[in-house]
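Architecture at a glance
The lines below spell out each chain.
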Amino acid sequence: MRLANFIDGKFVAPRSGAYFEDVNPATAETIAEIPDSDRRDVDDAVRAAKRAFSSWSGLRAEERSRVLLRLADLIEQNLESLARLESEDNGKPVALARRMDIPRAVANFRFFATAILHGSSEAHVTDSVALNYTLRQPVGVAGLISPWNLPLYLLSWKIAPAIAAGNTCVAKPSELTPLTANRLAELSLEAGLPAGVMNIVHGYGAKAGAALCEHPDVPLISFTGGTVTGGKVAAAAAPLFKKLSLELGGKNPNVIFADADLDDAIATSIQSSFANQGEICLCGSRMFVERSIYDTFVARFVEATARLRIGDPTDETTEVGALISAAHLAKVSGYVDLARSEGGTVACGGDRIEHRGFFLQPTVITGLGCDTRVLQEEIFGPVVTITPFEDEAEAIAFANSTRYGLSATVWTRDLQRAHRVAAALDVGTVWVNCWLLRDLRVPFGGVKDSGVGREGGSDSLHFFTEAKNVCVKL
Ligand code: NDP
């Protein structure tokens, strides 16, 4: 299969005429050729998006909503084939893509398609002198850049609010997982999305992605990806004063107090550690367990980890699939070696699986302190650490000891402690006695090196619009 860019409602070859390979991580086989796009393709896409802006933004919210709802229905009708494409491209179990990735893409479009029908805006009456009201107007061409771990889930998390709010967009999916974005383009035609409203340019981040960030006619960038790349995006966008939302890396703590419901804490922590091969920015990679239950917890957690079924993502019973690439597998397994050299113990897993694809056993490491690189750096794979803590103050200090601040999970039956600890954690999201329970209305984002800005619900709609105050003298 040879992919094309989607510009102005048409599938077009990259200007360079060059392509590179898209590999199935579970088999190491090439499954598609991807356009190696450059600045010229980005220019074409931005021009198309600019042309489409005035008519799309001029539609009534109800008209835009109808198109997006049709697109949501089409994604839902194609759920099975999209789940298979996502699994083939990313290495994740097809069962997970069917349960999580694709339904969430449907939900993203439905949520923002209906949110724009129920918005309100503020008014401020200045004594009896003036009436101020806020107009929220679309910004123009939105530049949207997304990573490979949740390809359609995160791409649609950006496209849906951007175009629902009346913007047009140019999206650059990860070069490693372009297939569902390509299918989304096909479905958008079927849904009747006007040409130029959604443009998709494939290619390398450093080339096509950077050109989008530097483009003078793209006043807004929404980026999800690694912290180092986020820094480059910010550096490119700053001199042009672009609106910027950066959803970056995480090194999330999972804090388990002795009074927790251990059955629930262990079952959910297995998910938060290893779902999607640990390649979710919200995975809880640093577990902190109260000393009095530490030995029991480690024994039970290791036993549950060892039971996970790893292997062929197309097998319905597989729970852990392949890592995204050979390079990523080398990076993640390098951290297992580093853990040993830093004095840690590999309590289970740690080995690659002999296979053409890129598989690593789910891995649990004990015996490391918070100052080690393994507890400081984002690994983004099926590798977690477990460290004991003595009391609440130490748990909070350990949890806050990295430069990241995306999310945290807290397990306790003590309601007051749950609120106290949640307030003390330096993160954007805290889950208490649960994980990844998402409500699309809530603010989502990170603090410290995990990002800038919030998306979700009205935060997304505010980000994708400019607030203009109109002051009328009474
Ligand atoms: P990267 O930062 O490598 O890439 C993210 C996207 O940016 C890709 O589309 C990439 O393209 C593109 N890109 C790369 N270089 C540039 C550049 N100079 N200018 C513009 N765009 C560029 O992240 P990964 O794809 O490796 O994703 C994993 C990371 O994403 C992890 O750190 C993870 O924590 C984070 N993440 C954060 C989430 C959050 O909500 N906070 C959610 C999910 C993931 P290409 O792939 O072609 O290089």
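Since we're looking at a predicted model, the values are computed, not measured.

Details of helix 9 (residues 262–274)
Over its 13 residues, helix 9 runs 18 Å from end to end, which matches the ideal 18 Å to within 8%, given 1.5 Å per residue. Residues of helix 9 that are buried in the fold lie against strand 12 (253–256), strand 13 (286–290), helix 10 (291–306), strand 15 (363–366), strand 16 (383–389) and strand 18 (407–411).

Thoughts on the environment of Val-201
As for its placement among the helices and strands, Val-201 is situated in the loop between strand 9 (198–200) and helix 7 (205–214). We classify Val-201 as buried; its relative accessible area is 1%. Aside from chain neighbours lying at most four places away, what touches Val-201 is Asn-5, Ile-7, Ser-37, Asp-41, Val-42, Ala-45, Val-170, Ala-171, Lys-172, Pro-173 and Ala-208.

Here's the deal with the packing of aromatic side chains
One pass over the structure, following the stated rule, counts 10 aromatic pairs. Where Phe-111 meets Phe-112, the ring centres are 4.8 Å apart and the plane angle is 85°; that geometry is what we call edge-to-face. Residue Phe-111 shares its accessibility class with Phe-112, and that shared class is buried. Site record: aromatic cluster; members linked through ring pairs are Phe-111, Phe-112 and Trp-157. One Lys or Arg, Arg-104, reaches over the ring of Trp-157 and ends 4.8 Å from the middle of that ring.

Examining unusual backbone geometry
Unusually for a residue other than glycine, Gln-277 sits at a positive phi of about 60°. Within the secondary structure, Gln-277 sits in the loop between helix 9 and strand 13. Despite not being glycine, Asn-433 has its phi angle at roughly 55°, a positive value. Among the secondary structure elements, Asn-433 is positioned in the loop between strand 19 (429–432) and strand 20 (447–448).

Examining the site of the ligand
In the vicinity of the ligand there are 32 residues, among which Glu-175, Thr-229, Leu-248, Cys-281 and Glu-378 approach most closely. Within the contact set of the ligand, an oxygen atom lies 2.8 Å away from a backbone nitrogen or oxygen of Ser-146. With respect to the ligand, the side chain of Lys-172 contributes an N or O atom lying 2.8 Å from an oxygen atom. Protein chains shield 88% of the accessible area of the ligand, which is 900 Å² for the free molecule. Element by element, the count of residues in the shell around the ligand is highest for helix 7, at five residues. Taken together, the residues of the shell around the ligand break down into 16 nonpolar, 12 polar and four charged.

Brief notes about a nonpolar patch on the surface
Nonpolar side chains collect at one region of the surface, where Val-125, Leu-131, Tyr-133, Leu-135, Val-472 and Leu-474 lie side by side and expose about 490 Å² of accessible area between them. Summarising the element assignment, Tyr-133 is placed in strand 6 (residues 130–138).

Topic: the packing of helix 3 (residues 79–90) against helix 6 (residues 179–191)
Orientation of helix 3 relative to helix 6, taken along the N-to-C sense of each, is 150°, at an axis distance of 8 Å. One finds that helix 3 runs roughly antiparallel with respect to helix 6. In contact with Leu-82, Leu-85, Glu-86 and Asp-89 of helix 3, helix 6 contributes Leu-179, Thr-180, Arg-183 and Leu-187. Residue classes in the contact of helix 3 with helix 6 are distributed as four nonpolar, one polar and three charged.

Observations regarding the pattern of salt bridges
All chains considered together, the criterion is met by 31 salt bridges. The salt bridge involving Arg-51 is made with Asp-8; its shortest N-O contact spans 3.0 Å. Of the two residues, Arg-51 is situated in helix 1 (residues 39–58) and Asp-8 in the loop between strand 1 (5–7) and strand 2 (10–12); the sequence distance between them amounts to 43 residues. We classify Arg-51 as exposed; its relative accessible area is 54%. Overall, Asp-8 belongs to the partly exposed group, its relative accessible area being 22%. When salt bridges that share partners are traced, they join Arg-60, Glu-62, Glu-63 and Arg-66 into one network.

Cut-offs applied
Residues numbered from 1 in each chain as written. Predicted model: local features only at pLDDT ≥ 70, side-chain atom pairs only at ≥ 80, totals over all residues. Heavy atoms only, no water. Helix = DSSP H or I, 4+ residues; strand = E, 2+ residues; numbered from the N terminus. Expected span 1.5 Å × (residues − 1). Contact = heavy atoms within 4.5 Å. Buried < 20%, exposed > 50% of the residue type's maximum accessible area, 1.4 Å probe, protein only. Phe/Tyr/Trp six-rings, centres within 6.5 Å; stacked < 30°, edge-to-face > 60°. Lys NZ or Arg CZ within 6 Å of the ring centre and 35° of its normal. Near = heavy atom within 4 Å. Polar contact = N/O pair within 3.5 Å; in protein donor to acceptor, adjacent residues only side chain to side chain. Areas by Shrake-Rupley, 256 points an atom, 1.4 Å probe, with all protein chains shown as cover. Nonpolar A, V, L, I, M, F, W, Y, C, P; charged D, E, K, R; others polar. Patch = residues over 30% accessible without salt bridge, like charges linked within 9 Å, V, L, I, M, F, W, Y side chains within 5 Å. Salt bridge = Lys/Arg side-chain N within 4 Å of Asp/Glu carboxyl O. Axes fitted to C-alpha atoms, helices over the stretch in contact; angles between N-to-C directions. Parallel < 35°, antiparallel > 145°, perpendicular 65-115°, else oblique.

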